[in-house]
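Listed below are the residues making up each chain.
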Amino acid sequence: MIRFILLQNRQGKTRLAKYYVPLEESEKHKVEYEVHRLVVNRDPKFTNFVEFRTHKVIYRRYAGLFFSMCVDITDNELAYLECIHLFVEILDHFFSNVCELDLVFNFHKVYLILDEFILAGEIQETSKKAIIERMGELEKQE
Amino acid sequence: MSSQGGWGQSKDFLDLVKSIGEARSKAEEDRIILRELEALRRRIAEPDVPRRRMKEYITRLVYAEMLGHDASFGYIHAVKMTHDNALPLKRTGYLAVTLFLSEDHDLIILIVNTIQKDLRSDNYLVVCAALTAVCKLITEDTIPAVLPLVVDLLAHRKEAVRKKAVMALHRFYQRSPASVTHLLPNFRKTLCDNDPGVMGATLCPLFDLITADANSYKDLLVSFVRILKQVAERNLPKTYDYHQMPAPFILIKLLKILALLGSGDKQASEHIYNVLGDIIRKCEPSSNIYNAVLYECICCISSIYPNAKLLEAAAEATSKFLKSDSHNLKYMGIDTLGRLIKISPDIAEEHQLAVIDCLEDPDDTLKRKTFELLYKMTKSTNVEVIVDHTIDYMININDNHYKTEIASRCVELAEQFAPTNQWFIQTMNKVFEHGGDLVNVRVAHNLMRLIAQGFSEDEEGADSQLRSSAVDSYICILGDPKLPSLFLQVICWVLGEYGTVDGKYSASYIMGKLCDVTEAHLCDDTVKAYAISAIMKICAFEIAAGRKVEILPECQSLIHELSASHSTDLQQRAYELQALLCLDCRTVESVMPLDASCEVLEVDKNLSFLNDFIQESIEKGSSPYIPESERPGMSSVSNFRRQNEASSHMLRFEAYGLPKPSPAHLIPQVSVSTSTSNLVPVTEASYYRESSQASKVPSVTDASSADLGTKLRLDGVQRKWGWPTYSSSGQSSTSSTNGVSHVDGVSAQSRDTLYDSRRQQSEVSAEKQKLAASLFGASSGKTVKRATSTHRATKGNTGNAERMAVSTAINPETSTEKAAPPPDLLDLSDDAAPTSTPTADPFQHLQVLIGATPVDNTVKAVGLESPNLMAFYTDIPSGSRKTTSTIHSAVPSIKKAPLQNDETARRVCVNPTGNNPNLFRDLLG
C-alpha cells in the first residue's frame, strides 16, 4: 500500500503532497523534510529505493522534480518505480509536455488526476486513456 | 491546453504562485504566505462572496496548507463548498476537505449528509467526487451511514463509479473489517466485471483478504489463473498496455495473489506452473516494467510449491539481474537470490562475486539489502567472513536504530555458528566496542549466560576453555579507556565469576583490574556495583579455597568509598564485602559457591517438609494449631488482624478503627533492632555451643548492629512494651515449653524475630533441652545468627540476583518500582516471584552453617521467609491486607500453625516500611 506521495523540487519545496495514512501536521513536515534529504543527494547511478523508517521510499527524478512514493517494505519496488513513470506520462499527456510550472500553477488539477489514478493508497486505474478521458469530462464542466 | 492561467484563475492567484516561486528563502516564502492568509481570512468572511471567487480562495488555502501553513479558519468554507450544486465547485470543495481534514476532525460529521446526498446523485461525476471523499473521510463510526449506498453503487452503470465503489469498500474493510464482512462475496462478483479497470481494482481488496485467510479463497484460484492467462495473451484493451507490456500492474497484482494461494499447496501450485512459465518466456528484460513483472514471477515461484523447471528459470533471471549494470536490477537480484536460496541453497555460489560487488558498493540501499542476504545465507562455514564484514559495516552506521539491529544480528549469528570459543568472544568484544551502549541489554545478559552455561552441554572442558579465553580477552581489553558501560558490566561479571578459576591470574591482580575499572568510571554506579560484587566473589573464592585474601590498598579505599556512597545499593555491597571477609571458609563457600550462577533454586512453598517436624512436636505434647477464628480471647492485635482479614473478604460498613494499627506497626522494627543489637553479648556462648564454625560471627553482628544501631537503639525501649502485647495472644494460650508454642509466641513479635524462631525451631529439634531451659537465651543466640544470616542473605542476594538477571535475561531497568536507585534494581531485578528463588538460596546454605541441626528442613523454612518478604515489599503501596489474605490461603494446613502466625506477624510489621523505607532496607537488604 502507498503511504504517501510527494512531489518536491531540488530545494525541497513541496509541489504536491498526498497522504493515504493519517499523520499529524508536524509529522508531515518532518516526513517531507526527511524524504527530501534522503533523495536529493543520491548518486543518479544508485538504486531508486531508500529505506525510510519502517517503509521504503521509491523516488524518481524528472528534471528538477522528485517524485517520491512511500510504500510497504514487501512491495515490488520496480513496479512502483514504473507507477511513478506512468503518473508522469499521464501528466505529460494532460498538460502536453508537462513542466514544473504546470504543476505549480495547476496543483489542484494534479490532485484530481492523482485521485483518478490512485485511491486509498492503491492503484485503481492503470489505463492512461481512461484517466485522460475522465479528466476531459471534468474539464468540460468548468 | 495552455498551462498557465488557462483555467480562469485570477491574476492575484497567479501572482501569488509566481512570487512564491521566486522567493529566495524560506523566510521570504513564509512572509508572503502569511500575508496572503491574512488577506484571505478577511475576504473569505465577507458576505456574498461570488461562488467562483470563493472557489479560488479555497484553492489558495490548499496551496498555503501544502506549503506548511495553518489555514484552519477556512475549513468550514471548504465544507460549505461541498454543498454547492455546481460540479466544479463541489469538486473543489471535496478536494479541499480531503486534504484539510484529518480523520477525527469534528467537521466531518457535517459532510456525511452531503456525501449521502451526492452518492444518490444522477450525475455520475458527482457520485465519483463523493466516493473519492468517502475513501478519505469516512471512519469506522460513519461507515454505516454510507455503506448501503456504496454497495448499491457496485452495480452502477458507469464503470468509473463501480471501480471507486470497490475501492471505498476496500477502505472500509481496512478500517473496520467487521463492518463489511457480510459484503465480501460482492468482491467475487466485481472480479468478473466486464471492465478491466473494475476487475483490476477488485484485486486490491482480494489481495488483502487472501493475505488474511488464503484457504477461504482457494476456489478463486482457477479464475485468477484464467484472468492471468488472458492478460498475458493480450486479451485486454490496448489502453492498458504500458511500454508494450499488457496491463503489467494487473499482472503483478495477480501474481502476488497467486503466490499467496499457491504457498505450500502442491495441487494449487500445479495450476499456476504453466501460466508462470508462459509469462517468463515472454518477458524480454528490455524495460523496467518487464523486470518488475519478472521479479514478481520469481517471488511467486519461490513462494509456491517448488517446481524444478521454474526454479531454473528463476535462477537464470536472477543471474541476469545480478549481472546487470543497473543498481535497481542488482537490488532486485539480491532480493530474489535471498528468496531462492531458501529453496535451493547452492544457488548462491555462482553469484558470489556479484554479491561481493554489491557488498562493496557505495550505494547504501544496495549494501543493506546485501547484508540482509548474507544474514540469510550464513552457515558455519562462512560465518567468520560474514560477521567480520557486518561488524566493519556496523562501525560506520549513523542510524542508531539500524545499528542496533545489525549488532543483534551479529550476535545472533555468532551465537549460532561460532566456530571457536575464542572467535566468539572476540566477536562479541568487537560488537560491544563498536556498538557501544546501543547494544541491547538483552545481548549482554545473553552473553553472560552463555559464558556461564557454556555452549556444549556435556563438554565441561570446552566451557572452561571458553571462560578462560573470555577472561584473557577481557583482561587485555580493559586497557581501553572508552568501553561502553554495558560491556564493562559483562567484563566485571565474568572476571568476578571466572577471573581466578583457571589460576592464570592471581586474585589480587584481578581485583586490581576491577578497582581500576571503578576508578575510570566514577559516575557509573551500575558498573561499580558489578565491580564490587565481582571483587566480593573473588574474595569469597579465595577464602573458600583456604587462601589468605590480601586486600590491596586501592581496593580498601574503594570499599571505604562505597560504604559511604549515596547509592544504598553500593553501600550495601560494600558492607557485605566487609562482612564476608570476616567469615570462615566453610561459611563463605556456602554463601558464595563457585560457579553456581546457573544452578536452579527451588522453593517449596507449601512447607510440606515441615510436616514431620510438626507431627513430632505434637506427639511430644505441644498443642495443635487452632485457626485464629476459633481461638478464644484474642488480643487486640489479633483482632486487628481479623479486621483486616474480614475487610479483604467483604465490605465494611463501620468506621475504621483509628489507633490500633499504629503501635502494631511500630513494634516489629523495634524487636528486630533489639534482637540484633542488645543480644550480641549473650550470643557468643549459645552460638558456639550449637555450631562451632562461625568463629568470627560476633564481629559481623557488630558491623551490622553498628550499621543499624543509631536508629534502632531508641526503639529498643518500646519493645519491652510491645512484647507482652504480642506474646499474650499465642503464648499464653499454649504451653510454653515445647518448640511449636514457642514459635507461636515469638513469631507474633515481628518478621525478623521470625527468623529467630525459625532458627530456634531447628535448634529446638537439635538440642531441645537447652532451648527449654532458657527461652530467652536461645532466642538471643539465634538472633545473632539471624544477623549474620541476613548479611549472607543480602550477599547471596546480590550475587544471585545478578545471576538471576543474567539467566532470565530480563532488563534490570524495567523491573521493580522500588524506591531504590537503578543499581539497586539490578539486585532485585525481578518481581516478587522470581526474586524469591535467589533469596532462598543463602538460607539453604545456612543448613551447612548451622551444621549440627538434624532438621534441615526447618532451616529451609527460614529461606522461605524471604520470598514472602519480597512480596510484602512490592505490595506495600497497595496495603498489606491483600497480601495477608493471599498468604493465609497459601498456608492452609492446620499443622502449619506457627507459620501462619509468623505470616501475620510479618504482615503487621511490614507496614512500617512504608513509613521508614530506609530503615527497612538496612535491615533486610
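The rules we used
Residues numbered from 1 in each chain as written. Chains lettered and ligands numbered in written order. Predicted model: local features only at pLDDT ≥ 70, side-chain atom pairs only at ≥ 80, totals over all residues. Heavy atoms only, no water. Contact = heavy atoms within 4.5 Å. Buried area = accessible area lost by both parts, 1.4 Å probe. Salt bridge = Lys/Arg side-chain N within 4 Å of Asp/Glu carboxyl O. Polar contact = N/O pair within 3.5 Å; in protein donor to acceptor, adjacent residues only side chain to side chain. Helix = DSSP H or I, 4+ residues; strand = E, 2+ residues; numbered from the N terminus. Axes fitted to C-alpha atoms, helices over the stretch in contact; angles between N-to-C directions. Parallel < 35°, antiparallel > 145°, perpendicular 65-115°, else oblique. Left-handed = near helix turned anticlockwise from the far one by under 90°. Nonpolar A, V, L, I, M, F, W, Y, C, P; charged D, E, K, R; others polar. pLDDT = per-residue confidence, 0-100. Buried < 20%, exposed > 50% of the residue type's maximum accessible area, 1.4 Å probe, protein only.

Engineer: Talk me through the interface of chain A and chain B; I want residue IDs and the actual numbers.
Structural biologist: Residue-level contacts link 64 residues of chain A with 69 residues of chain B. Between chain A and chain B, a total of about 6100 Å² is buried, with carbon and sulfur atoms accounting for 57% of that surface. Taken together, the connections running from chain A to chain B amount to 6 salt bridges. Residue Lys13(A) is joined to Glu29(B) by a salt bridge in which the shortest nitrogen-to-oxygen separation is 4.0 Å. The interface formed by chain A and chain B holds 21 residue pairs in polar contact (both at pLDDT 80 or more) in total. Those elements giving two or more residues to the side of chain A that touches chain B turn out to be β2 (14-19), α1 (25-40), β3 (49-52), α2 (77-95), α3 (100-105), α4 (107-117), β7 (122-123) and α5 (128-141) of chain A.

Engineer: Requested: an account of the packing of α2(A) against helix α16 (residues 288-303) of chain B, with residues and values cited.
Structural biologist: Packing of α2(A) against α16(B) leaves a shortest axis separation of 8 Å and a crossing angle of 150°. By the angle between their axes, α2(A) is roughly antiparallel relative to α16(B). For the pair α2(A) and α16(B), the crossing hand works out as left-handed. Between α2(A) and α16(B), the residues in contact are Glu77(A), Leu78(A), Ala79(A), Leu81(A) and Glu82(A) and Asn288(B), Ile289(B), Asn291(B), Ala292(B) and Tyr295(B), respectively. Grouping the constituent residues of the contact of α2(A) with α16(B) by class yields 6 nonpolar, 2 polar and 2 charged.

Engineer: Go over the confidence of the model for chain A with me, naming the residues and quoting the values.
Structural biologist: Caution applies to low-pLDDT parts of the model: their predicted coordinates are not meant to be read in detail. Per-residue pLDDT for chain A averages 91, and the proportion of residues at 70 or more is 100%. The least confident element of chain A is α3(A), whose mean pLDDT is 87; the most confident is strand β5 (residues 65-71) of chain A, at 95.

Engineer: Tell me about the side chain of Arg60(A), and name the residues and values.
Structural biologist: Note that Arg60(A) resides in strand β4 (residues 55-62). From its side chain, Arg60(A) meets the backbone oxygen of Leu81(A) in a polar contact 3.2 Å long. Looking at Arg60(A), its side chain comes within polar contact range of the side chain of Glu82(A), at 3.2 Å. Apart from the residues lying within four places of it in its own chain, the contact partners of Arg60(A) are Asn48(A), Leu65(A), Phe66(A), Phe67(A), Leu81(A), Glu82(A), Ile84(A), His85(A) and Asn288(B).

Engineer: Now, about the confidence of the model for chain B: what can you tell me, with residues and values included?
Structural biologist: All names here are of chain B. Mean pLDDT over chain B: 72, with 66% of residues reaching 70 or higher. Low pLDDT, under 50, characterises residues 662-757; the stretch is placed with 175 contacts to residues that sit more than four places away or in other chains. This complex was scored by the predictor with a pTM of 0.65 and an ipTM of 0.95.

Engineer: Break down the side chain of Thr82(B) for me, citing the residues and quoting the values.
Structural biologist: All names here are of chain B. Relative to the helices and strands, Thr82 is located in helix α4 (residues 75-82). Residue Thr82 is classed as buried on the basis of its relative accessible area of 0%. Not counting residues within four places of it along the chain, the set of residues in contact with Thr82 comprises Lys90, Gly93, Tyr94, Val97, Thr114 and Asp118.

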